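Residue strings, one per chain:
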Protein chains: 2
Amino acid sequence: MKQSTLPFKTRKDAPKDEVSLNARLLIQAGFIHKEMAGVYSILPLGLRVIEKIKAIVREEMESLGAAELSMSAFQEKAIWEKTGRWDDAVVDNWFKTTLKSGGELGLGITHEEPITNMLAEHVSSYKDLPVAVFQFQTKFRNELRAKSGIMRGREFLMKDLYSFSATDEEHAAFYNRAKDAYMRIFQRVGLGDITFPTYATGGIFSQFSLEFQTITDAGEDVIYLDRKSKLAINKEIMSDDISNEIGVDKATAEELKTVEVGNIFNLGTKFSEPLGLTFKDEKGDRYPVIMGSYGIGIGRLMGTIAEVFSDEKGLVWPKSVAPFEVHLIALNDAEGKVLAEAENIYQLLRTAGIEVLLDDRHVSAGAKFADADLIGIPMRIVVGSKGLADGTVEITDRHTGEVKTLAISVPDIVTHFHG
Amino acid sequence: MKQSTLPFKTRKDAPKDEVSLNARLLIQAGFIHKEMAGVYSILPLGLRVIEKIKAIVREEMESLGAAELSMSAFQEKAIWEKTGRWDDAVVDNWFKTTLKSGGELGLGITHEEPITNMLAEHVSSYKDLPVAVFQFQTKFRNELRAKSGIMRGREFLMKDLYSFSATDEEHAAFYNRAKDAYMRIFQRVGLGDITFPTYATGGIFSQFSLEFQTITDAGEDVIYLDRKSKLAINKEIMSDDISNEIGVDKATAEELKTVEVGNIFNLGTKFSEPLGLTFKDEKGDRYPVIMGSYGIGIGRLMGTIAEVFSDEKGLVWPKSVAPFEVHLIALNDAEGKVLAEAENIYQLLRTAGIEVLLDDRHVSAGAKFADADLIGIPMRIVVGSKGLADGTVEITDRHTGEVKTLAISVPDIVTHFHG
């Protein structure tokens, strides 16, 4: 993509009305736009990051044999009344609205009720199980406060996966595979070393839920982490009994600020019973289906990566989720020879399958370097008239700051990126 | 994909509460699920069609140099008040909701206001223009009636494109390129021969808008079509004056039922003026930006294709948007040899880059054939024990019904699909 065609620019200063680092950086660098507190639009650079994250998550979900679908935002009152979750006294973060033809609708806070209701039409026998579905869907939550940027929004993109099993053993097997898939996802987006499975409250569903907590000062949670076992306990449920049960010693565990990037709930039959999702076993006896739900906040993940991988100059994207692999910067020269050579390299890199953002704007070198640092693409290639005379370009690693001079030879440059 | 892993099944009968053919077929074949009137969830087979349509639309939008973004569903009252479109007396199909922290929000019916407001932060000079952005976003419209299945939903996926130009000439040039891109899209999804640019009411924006109307009895619109000039006029605005102005003779034109699959509005400065989206020209004088908006209903397009390409047995997808290229059917045999050979062909076709749905279920041949007809994948390959003995499979074209016998040789089968 050519930077001159990008309709959205970087800003000189971070927005004054944002307190969170992730939103300040992502707004300043032109990745997101704040519509109102807790509501953000995703701009082209940000959308490329979101799509990279989605592609990694989708691959791992498909590796579990889960099928992708897309449920509606609008929620029917009657279905949620069956599980007792329509009442604002029970669920305190609903957005509700009214049909012109009469009747109230909810905006999806999560999708356990509709997916259970839907599966009840399709599952009837143990032969139909186990089965799993997932989606990327916008969730709407009426948060009283929204000060964490895209890490806690009133409208946000979530990946939710639901599993349906006939027996506890079938459920446990899927649960364990999903847990491994989650750890692979956090590893692949660059957060693996600082993300830990954490025991947390199971709510009304079970004794514990499993959270995936990433260490960052921007987090709203506190965990006790046992580095040796790589297990943690959320402070909310920490007690001597639980510490003994899980085997995390409170005395030696580290107390850390973290953000919850994913979670897994054992739902048991809490939804299948009231919504009539049952199956017949081999003997013809009817039982409720055993369910699990598995969430990852996609926007929150982008926000967490922005918090963790940034420095005083701006964002520093891991390669796996960067909006582009290469930021190709053409410095200005009077005759336009540099831009012509840069365009040439741009086309050749693209032909080699490398994603390139070409800075072809007529602005100063200083402005181009500052923007490149702010946007945070992993590798920067600078084409200037001096290098052109020597037949070289300069390659800078955004993470390490390491600078190399390379011959202007596409095989050399491509090899540099593809190994 | 293996059909045994699909969580959603076909139904023996079409749903009784649906009057529209598209929803009846798509529900029966397991492509969508009705949540409530005008609100549908998209199941895995349907999502594959939606993604195929999106990929075609995205390619054509990118060919216009438009950048993809994703705006929020939630709409801020203050922005819409500036254009006078917040008032329910002016716009009668809003869904509105309330923040716990106080204040009313709208759910996006369209996105002219927020995109204009956003661009005002980024556009300041004629050098920043022309520019265009697009998105695939869910729209929410509080329709009093919703009886056309996914062709008129209360919640639906739309592609919307917005253009921003400095001069009328710049706008006209983009408008014409966008019109051509629209016709390419309808051609590529199989509707090109029955879709016509149609003059329609310009609303508050300009004298005319341009609609793209597809001939189908399921349509809610009526057009007068001049087959020679391939131009049409929406009945809503037909008069002797307009018929003369556009050059469509009402006497010889055909009166046809159609569905509006796309539209283009010349917005002029109706949004840029109240929302302060201006630019400075070369002399330093400030002017409001000239805008256009360009919509395609993605769900409606799937519904229209389902209406147009279907017969008494079910759906008949054009190859370009089919959920899979090949439906590979393994007939049952006692020893499992047929399924083993089918799995072999399945893997080899996939390796060759062909998308295959393998019917590996333990159901009767009749049930498999009926489901294949209902689902409507363009090519069916049947592997049975009789053919296996001869070393052949049977290939059936869903559209023409033509049947061929082919040697079980992957080169032969691949050549059959890839030309």
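Nothing here was measured: the structure is a model prediction, and the numbers come from that model.

What follows covers the overall build of chain A. Each helix and strand in chain A was counted, giving 12 helices and 23 strands. Principal axes of the C-alpha set define a box for chain A whose edges measure 80 × 60 × 45 Å. Split into buried and exposed, the 419 residues of chain A put 47% on the buried side. When contacts within chain A are restricted to residue pairs at least 6 apart in sequence, long-range pairs at least 24 apart make up 68% of them.

Listed per partner, the contact involves 43 residues of chain A and 43 residues of chain B. Mapped by element, the contributors of at least two residues to the side of chain A that touches chain B are β1 (32–36), β2 (39–42), α2 (44–63), β3 (67–68), β4 (74–76), β5 (96–98), α4 (112–119) and β7 (131–140) of chain A. No other element matches the four residues that β2(A) contributes to the side of chain A that touches chain B. Partitioning the side of chain A that touches chain B into residue classes produces 24 nonpolar, 11 polar and eight charged.

Moving on to the relation of the copies chain A and chain B. Note on the copies: chain A fits chain B at an RMSD of 0.0 Å, the axial shift is 0.0 Å, and the rotation between them is 180 degrees. The relationship between the two copies is best expressed as a two-fold rotation axis. Rotation axis and chain A: the residue whose C-alpha lies nearest the axis is A:T97, separated from it by 2.6 Å. Taken as a fraction of all interface residues of chain A, those also at the interface in chain B reach 100%, which identifies the copy contact as same-surface.

Moving on, we come to unusual backbone geometry. Residue and element names in this part refer to chain A. Cis rather than trans, the peptide bond between L129 and P130 has omega equal to -5 degrees. Structurally, P130 is set in the loop between α4 and β7. Phi at K230 is positive, roughly 60 degrees, even though this residue is not glycine.

Residue and element names in this part refer to chain A. The domain boundaries assigned to chain A delineate domain 1 (3–311) and domain 2 (324–418). Spacing between the C-alpha centres of domain 1 and domain 2 amounts to 39 Å. Across the boundary between the two partners, domain 1 contributes six residues, which contact eight residues of domain 2. Of the residues assigned to the side of domain 1 that touches domain 2, the class counts are two nonpolar, four polar and no charged.

Residues and elements named next belong to chain A. Relative to strand β22 (residues 392–397), strand β21 (residues 379–383) runs antiparallel, the two sharing four bridges. Residue pairing in the sheet places R380 in a bridge with T396 of β22. Counted between consecutive antiparallel strands, the loop separating β22 from strand β23 (residues 403–407) contains five residues, among which G401 sits at a positive phi close to 80 degrees.

Turning next to the packing of α2(A) against helix α8 (residues 298–308) of chain A. Residues and elements named next belong to chain A. For the pair α2 and α8, interaxial distance at closest approach is 10 Å and the crossing angle is 110 degrees. As summarised for this structure, α2 and α8 are arranged roughly perpendicular, according to the angle between their axes. Two packed elements cross with a definite hand, and for α2 against α8 that hand is right-handed. Facing V49, I50, I53 and K54 of α2, the residues of α8 in contact are I298, L301 and M302. The residue inventory of the contact of α2 with α8, partitioned by class, reads six nonpolar, no polar and one charged.

Another aspect to go through is the environment of B:S206. Residues and elements named next belong to chain B. Residue placement: S206 occurs in the loop between β9 (195–201) and β10 (208–215). In this structure, the C-alpha to C-alpha distance between S206 and A407, residues 201 residues apart in sequence, is 61 Å. Residues contacting S206, with those up to four places away along its chain left out, are N266 and G268.

So, on to the nonpolar core. What tends to happen in soluble globular proteins is that the nonpolar side chains get buried as a cluster. Grouped together as the largest cluster of nonpolar side chains are 204 residues, with contacts concentrated most on A:L328 and B:L328. Ignoring anything within four residues of it in the chain, the contact list for B:L328 reads B:A342, B:I345, B:Y346, B:V356, B:L357, B:L358, B:D359 and B:I381.

Buried residues dominate strand β19 (residues 326–330) of chain A, accounting for five of its five residues. Residues A:V326, A:L328 and A:A330 of β19(A) are buried on one face, and the alternating residues A:H327 and A:I329, pointing to the opposite face, are buried as well.

The next point concerns the sheet that holds strand β6 (residues 104–107) of chain A. Hydrogen bonds along the backbone pair up the strands of a sheet, which may run parallel or antiparallel. Residues and elements named next belong to chain A. Spatial strand order, β4-β6-β5: three strands in an open sheet with antiparallel pairing. With one partner strand each, in any of the chains shown, β4 and β5 form the two edges of the open sheet. Along the sheet, successive strands turn relative to each other by an average axial angle of 45 degrees, direction set aside. In terms of strand pairing, β5 meets β6 through three bridges, oriented antiparallel. Bridge assignment links T97 to a residue of β6, and that residue is L105.

Residue and element names in this part refer to chain B. Direction vectors running N to C along helix α2 (residues 44–63) and helix α5 (residues 168–188) enclose 160 degrees, while the axes themselves pass 10 Å from each other. Considering their axes alone, α2 and α5 lie roughly antiparallel with respect to each other. Once α2 is placed against α5, the crossing between them reads as right-handed. The residues of α5 that touch α2, namely those facing I56, V57, E60 and S63, are A181, R184, I185 and R188. A breakdown of the residues in the contact of α2 with α5 according to their chemical character gives four nonpolar, one polar and three charged.

Here chain A shows a mean pLDDT of 94. Residues at 70 or above account for 98%. In the predicted complex, the global pTM is 0.96; the interface-specific ipTM is 0.95.

Let us look at the environment of A:K368. Residues and elements named next belong to chain A. By the secondary structure assignment, K368 is in helix α10 (residues 365–375). Exposure remark for K368: the 20 C-beta atoms within 10 Å place this residue in the buried category. For the pair K368 and I329, spaced 39 residues apart in sequence, the C-alpha separation works out to 7.3 Å. With sequence-adjacent residues up to four places away left out, K368 is seen in contact with I329, D359 and V363.

Attention now moves to the sheet that holds strand β20 (residues 356–359) of chain A. All names here are of chain A. Pairing is mixed across the open sheet formed by five strands, whose spatial order is β20-β19-β21-β22-β23. Either end of the sheet is taken by a strand with one partner, and the two such strands are β20 and β23. The sheet shows a mean angle of 25 degrees between the axes of neighbouring strands, direction not considered. In this structure, β19 lies alongside β20, joined through four bridges in parallel fashion. Paired with V326 across the bridge in β20 is V356. With respect to the sheet, helix α9 (residues 337–351) is in contact with β19, β20 and β21, its orientation differing from that of β19 by roughly 160 degrees.

A word on the environment of A:S124. Residue and element names in this part refer to chain A. Relative to the helices and strands, S124 is located in the loop between α4 and β7. Between the C-alpha atom of S124 and that of T278, which follows or precedes it by 154 residues, the distance is 6.5 Å. If near-sequence neighbours (up to four positions away) are discounted, S124 is found in contact with F279 and K280.

The rules behind the values
Residues numbered from 1 in each chain as written. Chains lettered and ligands numbered in written order. Predicted model: local features only at pLDDT ≥ 70, side-chain atom pairs only at ≥ 80, totals over all residues. Helix = DSSP H or I, 4+ residues; strand = E, 2+ residues; numbered from the N terminus. Buried ≥ 20, exposed ≤ 12 C-beta atoms within 10 Å, placed from the backbone. Contact = placed C-beta atoms within 7 Å. Nonpolar A, V, L, I, M, F, W, Y, C, P; charged D, E, K, R; others polar. Least-squares fit on C-alpha atoms with pLDDT ≥ 70 in both. Domains from an automatic or database assignment. Pairing = 2+ DSSP bridges. Axes fitted to C-alpha atoms, helices over the stretch in contact; angles between N-to-C directions. Parallel < 35°, antiparallel > 145°, perpendicular 65-115°, else oblique. Left-handed = near helix turned anticlockwise from the far one by under 90°. Core = buried A, V, L, I, M, F, W, Y, C linked by C-beta atoms within 7 Å. pLDDT = per-residue confidence, 0-100.

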